[in-house]
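Structural characterization, general
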Amino acid sequence: MTTNKFAIDRLEAAIDCILAAETMAMEDSPVATRFSHRAYQLVTAALFSLKGEDDPQANEPVY
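Throughout what follows, the structure given in this document is the object of discussion.

Some remarks on the overall build of the chain
Of the regular secondary structure elements, the chain holds two helices and zero strands. Looking at the chain residue by residue over its 63 residues, the buried ones come to 24%. The long-range share in the chain, meaning contacts at least 24 apart out of those at least 6 apart in sequence, stands at 46%.

A word on the environment of Leu50
With respect to the helices and strands, Leu50 occurs in helix H2 (residues 31-51). Put simply, Leu50 and Ala7 are 43 residues apart on the chain and 6.5 Å apart in space, counted from C-alpha to C-alpha. Filtering out sequence-adjacent residues up to four positions away, Leu50 remains in contact with Asn4 and Ala7.

Considerations on the layout of surface pockets
Its volume calculated, the largest pocket comes out at about 180 Å³. If you go around the largest pocket, you meet twelve residues; those closest to its centre are Arg38, Ala45, Asp55, Gln57 and Ala58. Taken together, the elements giving at least two residues each to the lining of the largest pocket come down to helix H1 (5-26) and H2. Ranked by residues supplied to the lining of the largest pocket, first place goes to H2 with five residues. Within the lining of the largest pocket, the residues separate by chemical class into five nonpolar, three polar and four charged.

A short note on H2
Over its 21 residues, H2 runs 31 Å from end to end, which matches the ideal 30 Å to within 8%, given 1.5 Å per residue. Elements that come into contact with the buried residues of H2 comprise H1. Downstream of H2 by a residue or two, Gly52 has a phi angle that is positive, lying close to 80 degrees.

Structural notes on H1
With 22 residues, H1 extends 32 Å between its outermost C-alpha atoms, agreeing within 8% with the 32 Å of an ideal straight helix rising 1.5 Å per residue. All of the buried residues along H1 are Ala7, Ala14, Cys17, Ala20 and Ala21. Down the axis, H1 shows its buried residues gathered within 145 degrees of arc, on one side only. Every exposed residue of H1 that faces more than 90 degrees away from the buried side is listed here: Lys5, Asp16 and Met26. Contact partners of the buried residues in H1: H2. A distance of 3.2 Å separates the backbone nitrogen of Phe6 from a side-chain oxygen at the start of H1, and that oxygen is part of Asn4.

Definitions and cut-offs
- Per chain, the residues get numbers from 1 upward, laid out in the order the sequence is written.
- A pLDDT threshold of at least 70 governs which residues receive local features in this predicted model, and a stricter bar of 80 or more applies before side-chain atom pairs are shown or counted, although totals over entire chains, interfaces and linings include all residues.
- Side-chain metrics in this entry use all non-hydrogen atoms of the structure; hydrogen atoms and water are not considered.
- For the purposes of this entry, the term helix denotes a DSSP run of H or I that reaches at least four residues, the term strand denotes a run of E that reaches at least two, and both are numbered from the N terminus.
- Exposure categories follow from relative accessible area, calculated using a 1.4 Å probe and restricted to protein chains: below 20% of the type maximum is buried, above 50% is exposed, and the middle band is partly exposed.
- By the convention used here, residues are in contact when the closest approach between their heavy atoms is within 4.5 Å.
- Detection works on a 1 Å grid of protein atoms alone, calling trapped sets that fit a 1.4 Å probe cavities and calling open sets with protein on both sides within 12 Å along at least five of seven lines pockets, with lining residues defined by an atom within 4 Å of a point.
- Grid points are joined across faces, edges and corners, and a volume is the space filled by probe spheres set on the points.
- Note on residue classes: Ala, Val, Leu, Ile, Met, Phe, Trp, Tyr, Cys and Pro are nonpolar, Asp, Glu, Lys and Arg are charged, and everything else, Gly too, is polar.
- Given a helix with a known number of residues, its expected span is that number minus one, times 1.5 Å.
- What the arc describes is the spread of directions from the helix axis to the C-beta atoms.
- What qualifies as a polar contact is a pair of N or O atoms within 3.5 Å, subject to a donor-acceptor requirement within protein and to the restriction that residues adjacent in sequence count only when both atoms come from side chains.

Here it is as structure tokens:
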């Protein structure tokens, strides 16, 4: 069994972003949307990595 450290790291970071978004959403903060979008970017990057493909959104700005 092989593991993909890049994908695992991205998925762990996505979990952190989702938890932060949840906390911010409870406080009615617009930052929650940013955390949600970042989580999506991280999960997408992990999936492309696991497939062995280049992430087409890799050049998108991270905010």
